[in-house]
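Chains, contacts and geometry: an overview
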Amino acid sequence: MSAMVNRLAVVGATGAVGQIVLDEIQRQGLTFEDIRLLASPRSAGKEVEIGGKRIVVQAISPEAFNDVDLVIASTPDDVAAEFVPWAVERGCVVVDESAYYRMQPEVPLVIPEVNPDHVAEHRGIISSPNCSTTQMVVALHPLRKAAGLRRVVVSTYQAVSGAGLAAQQELTEATRQQLEGKLVKPQNFQHNIAFNLIPQIGSHRHQGFTSEEIKMVRETHKIFRDDTIHINATCVRVPVFIGHSESIYCETKEPLELDEVRELFRNAPGVELIDDLGASNYPMPTTCAGRPEVFVGRVRKDLDNPCGISFWCVSDNLRKGAATNAVQIAKLVAEQSAAARS
Ligand SMILES: NC(=O)c1ccc[n+]([C@@H]2O[C@H](COP(=O)([O-])OP(=O)(O)OC[C@H]3O[C@@H](n4cnc5c(N)ncnc54)[C@H](OP(=O)(O)O)[C@@H]3O)[C@@H](O)[C@H]2O)c1
């Protein structure tokens, strides 16, 4: 179904996620009469192309939201904290990618394949979850629906683009410097990212867990509306440009046969199963980058626990982890407003 918006604003249009939002708007057929592209004063005056038209980026200001119906926003948390109220006061509905509003009780946290019905509860703001949460929840959803979900143990291998454009540039530069034998000074990470793994994403938050790990727990509970699921996450930054990978072990409430698990993944909306170990066929960041699905492979039953299932999950963090999901939510909002008007 095509969705139509009168005036759309994309905030953070020059960023790693914002650029993909513009592509996803076209790919998913979210149509608009008019579009406004906003970013920091650094980008004001730059031209960005969407649908063959060149649009001049404007600096964000309260007046920039006058007459706007729908906003898709991908900015740092502190920026979202300031501008989102300007937009809501002017009657806009904001789909926000930042972490700032995600855990506020009146803000729905939505993955359209999982909890599309939560969109209708919004009071002006709808949040899109953290990239590592989104792909895990999309993959776990069919298993939970079929057999309940008791426990999840997840280790992530997260690409540098999860930390924005500057972090992507840092991986290129750090790799070059390291190959030239130079000392690398990290800017966007705690340590040199080239040829390295960093077992810290975010800040120290709670009992030895990082903020990213705690987000995976709390956001999953909020989306499923079930805080009885035991979730233990370890988040690791890896020197990959695009595509987060996750090793997921979960325990369902009822046992599932391996064939059933594979069938559930095969039929799940938004999931693509690539699982042929004999042919060395499984999802990897290089083969999943640029695609909107959540990819699952290496599916196994626990050797001892009849309710235990292991699998490998990869998704483009800038697509389903961010822009694809936000544009899907925006389409739901546009379709609901159209239905309310008719
Ligand atoms: N990257 C991911 O995989 C991912 C996934 C899920 C969620 N998110 C979230 O999405 C948001 C954006 O992430 P990103 O990776 O796209 O970051 P990014 O590449 O650093 O882009 C940030 C965007 O925000 C704009 N911005 C920064 N400061 C601003 C200000 N003071 N006023 C107005 N605009 C400002 C930037 O504009 P300029 O170009 O003018 O500086 C740029 O367009 C973050 O909250 C992030 O946590 C990211």
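Here's what I pulled together on the structure shown here. Model, not experiment: these values are computed from the prediction. Note that residues are indexed from 1 along each chain, following the sequence as it is written. The predicted origin of the model limits local features to residues at a pLDDT of at least 70 and limits the giving and counting of side-chain atom pairs to 80 or more, whereas totals for whole chains, interfaces and linings rest on all residues. Each side-chain value is worked out from all heavy atoms of the structure, with water and hydrogens disregarded.

1. A few points about the overall build of the protein
Put simply, the rule is: Put simply, DSSP marks the helices as runs of H or I at least four residues long and the strands as runs of E at least two long, and each gets a number from the N terminus on. Every radius of gyration here is taken over C-alpha atoms, with the globule rule written as 2.2 Å times N^0.38, N being the number of residues. The rule is simple: take the accessible area with a 1.4 Å probe, protein chains only, and divide by the maximum for that residue type; under 20% is buried, over 50% is exposed, in between is partly exposed. The contact criterion used throughout is that any non-hydrogen atoms of two residues lie within 4.5 Å. With residues, only the protein chains shown are counted as cover, and all accessible areas are computed by Shrake-Rupley using a 1.4 Å probe.
Looking only at helices and strands, the protein features eight helices and 16 strands. Against the 2.2 N^0.38 benchmark of 20 Å for 342 residues, the protein shows a C-alpha radius of gyration of 20 Å, consistent with a compact globule. Across its three principal axes, the protein shows a C-alpha extent of roughly 60 × 60 × 40 Å. A burial count over the protein gives 52% of its 342 residues as buried. A fraction of 68% describes how many contacts in the protein between residues 6 or more apart in sequence connect residues 24 or more apart. As displayed, the protein offers around 15300 Å² of accessible surface, 50% of which is attributable to carbon and sulfur atoms.

2. Comments concerning the site of the ligand
This is how the line gets drawn: Whether a residue is near a molecule or strand depends on its heavy atoms: if one lies within 4 Å, it is near. Two N or O atoms count as a polar contact when they lie within 3.5 Å, although within protein this holds only if one can serve as hydrogen donor and the other as acceptor, and sequence-adjacent residues are included solely when both atoms are side-chain atoms. In this count, Pro and Cys sit with the nonpolar residues alongside Ala, Val, Leu, Ile, Met, Phe, Trp and Tyr, while Asp, Glu, Lys and Arg are called charged and the others, Gly among them, polar. As used throughout, domain bounds are those supplied by an automatic or database domain assignment.
Around the ligand, a shell composed of 28 residues is seen, among which Thr14, Ser40, Arg42, Ser43 and Thr75 lie nearest. Between the ligand and Ser161, the relevant distance is 2.9 Å, taken from a nitrogen atom to a main-chain nitrogen or oxygen of the residue. If the ligand stood free it would expose 900 Å²; the protein chains cover 80% of that surface. Going through the elements one at a time, helix 1 (16–28), helix 2 (77–89) and helix 8 (319–341) are the ones with two or more residues in the shell around the ligand. Across the shell around the ligand, the residue classes break down as eleven nonpolar, 13 polar and four charged. A domain split of the shell around the ligand shows at least three residues from each of domain 1 (3–129 + 322–341) and domain 2 (133–316).

3. Notes on the environment of Ile25
Positionally, Ile25 belongs in helix 1. Along the backbone, Ile25 and Ala323 are 298 residues apart, and their C-alpha atoms lie at a distance of 8.9 Å. Residue contacts for Ile25: discarding those within four places in its chain leaves Leu8, Val10, Leu30, Phe32, Ile35, Ile50, Ile72 and Val327.

4. Quick look at the nonpolar core
To be explicit about the condition: Joining through side-chain atoms within 4.5 Å is the link that ties buried Ala, Val, Leu, Ile, Met, Phe, Trp, Tyr and Cys residues into a set, and such a set is a nonpolar core.
Of all hydrophobic cores here, the largest spans 36 residues; its most connected members are Leu140, Val152, Phe265 and Phe311. Of the residues forming this core, the biggest block, seven residues, is contributed by helix 3 (residues 131–147). Two domains share this core, each providing at least three of its residues, namely domain 1 (3–129 + 322–341) and domain 2 (133–316). Residues Ala16, Leu22, Val57 and Ala334 belong to the second largest nonpolar core, which totals 34 residues.

5. A closer look at helix 4 (residues 165–179)
Turn by turn, an α-helix covers 3.6 residues, leaving residues three or four places apart pointing in a common direction. Rules: Here a helix's expected span is defined as the number of its residues, less one, multiplied by 1.5 Å. This arc is built from the directions going out from the helix axis to the C-beta atoms.
Its 15 residues give helix 4 an end-to-end C-alpha distance of 22 Å, which sits within 8% of 21 Å, the value for a rise of 1.5 Å per residue. Every buried residue of helix 4 is accounted for by Ala167, Gln168, Glu170, Leu171 and Ala174. Seen from one end, helix 4 has its buried residues packed into an arc of 155°, which puts them on one side. With respect to the buried face of helix 4, the exposed residues turned more than 90 degrees away are Gln169 and Leu179. Along its buried surface, helix 4 packs onto helix 1. Gly181 occupies a position one or two residues after helix 4 and carries a positive phi of about 75°.

6. Structural notes on the pattern of salt bridges
So the rule is basically this: Note on definitions: salt bridges are taken to be side-chain nitrogens of Lys or Arg within 4 Å of carboxyl oxygens of Asp or Glu.
Tallying each qualifying case throughout the model produces 20 salt bridges. A salt bridge links Glu24 to Arg319, with the shortest nitrogen-to-oxygen separation between them at 2.9 Å. Of this pair, Glu24 sits in helix 1 while Arg319 is found in helix 8, placing the two residues 295 residues apart along the sequence. By the burial criterion, Glu24 is buried, and Arg319 matches it. A salt bridge links Glu263 to Arg266; its shortest N-O distance comes to 2.7 Å. Taken together, the residues Glu263 and Arg266, both in helix 6 (residues 258–267) and three residues apart, mark about one turn of the helix. Owing to a relative accessible area of 48%, Arg266 belongs among the partly exposed residues under this scheme.

7. Description of the sheet that holds strand 12 (residues 230–237)
Applicable threshold: Criterion used throughout: strands pair if DSSP finds at least two bridges between them. To define axes, lines are fitted to C-alpha atoms, for helices over the stretch in contact only, and angles between the resulting N-to-C directions are given on a 0 to 180 degree scale.
One open sheet accounts for six strands, arranged 12-9-13-16-15-14; its pairing is mixed. With partners counted over all chains shown, the strands left at the sheet margins are strand 12 and strand 14 (271–273), one partner each. Sheet twist, expressed as the average angle between the axes of neighbouring strands with direction ignored, equals 20°. The sheet contact formed by strand 14 and strand 15 (residues 294–301) spans three bridges and is parallel. Its bridge partner lying in strand 15, Leu273 is registered against Val296. On the sheet, helix 6 packs against strand 14, strand 15 and strand 16 (308–315) and is oriented at approximately 175° with respect to strand 15.

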